[in-house]
Amino acid sequence: MEAALLIECGYGAHVDEMWYVYASEDVRRERLKSNRGYSDEKVSQIMSGQLKEEEFRNHCQVVIDNGRD
C-alpha cells in the first residue's frame, strides 16, 4: 500500500511494516522546483505541512535513502 499520509491517517494498524523513503530537505526542494516547476514559496508551504523526519523514522521499520542520482 502506498499513501501520502500513512502515519497521519493511522494506516500503521493495517500494514505489517512501514518504509520511509528519505531524501534531505535540500534534495526534495530542488526536485520539486525542477520536476514540477514549483516556486520556493509553494515548496515551503508543502513542506510546512509534512511530518518531521524524526517522526517518520519513529514510525517506520525500513528507511531507504533516495537522496542520490
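Located above this text is the structure these notes cover.
Throughout this document, residue positions are counted from 1 along each chain, in the order its sequence is written. Owing to the predicted nature of the model, reporting of local features is limited to residues with pLDDT of at least 70; listing and counting of side-chain atom pairs is limited to 80 or more, with chain, interface and lining totals taken over all residues. With hydrogens and water set aside, each side-chain value is computed from the structure's full complement of heavy atoms.

Visitor: Quick one: what's the story with the environment of E17, residue by residue and with numbers?
Guide: Tracing the backbone shows E17 in the segment before β1 (19–22). Taking the C-alpha atoms as reference points, E17 and C60, 43 residues apart in sequence, are found 6.9 Å from one another. Contacts are residue-level and defined by heavy atoms, with any inter-residue pair within 4.5 Å sufficient. Not counting residues up to four positions away in its chain, the partners in contact with E17 are Q61 and V62. We define a polar contact as two N or O atoms separated by no more than 3.5 Å, with the added condition that, inside protein, one atom must be a possible hydrogen donor and the other a possible acceptor, whereas residues neighbouring each other in sequence contribute only through side-chain atom pairs. Engagement of the side chain of E17 in a polar contact is seen with the side chain of W19, the distance being 2.8 Å. Numbering of helices and strands runs from the N terminus, with a helix taken as a DSSP run of H or I at least four residues long and a strand as a DSSP run of E at least two residues long.

Visitor: Which residues make up the pattern of salt bridges, and what are the values?
Guide: In the sections that follow, a salt bridge refers to a side-chain nitrogen of Lys or Arg positioned within 4 Å of a carboxyl oxygen of Asp or Glu. Applying the stated criterion across every chain yields a total of four salt bridges. The partner of R29 in a salt bridge is E25, with the nearest N and O atoms 3.0 Å apart. Here E25 and R29 lie together in helix α1 (residues 25–36), a separation of four residues that amounts to about one turn. Only protein chains enter the accessibility calculation, which uses a 1.4 Å probe; a residue whose area is less than 20% of its type maximum is buried, one above 50% is exposed, and one in between is partly exposed. Given a relative accessible area of 21%, R29 falls into the partly exposed group.

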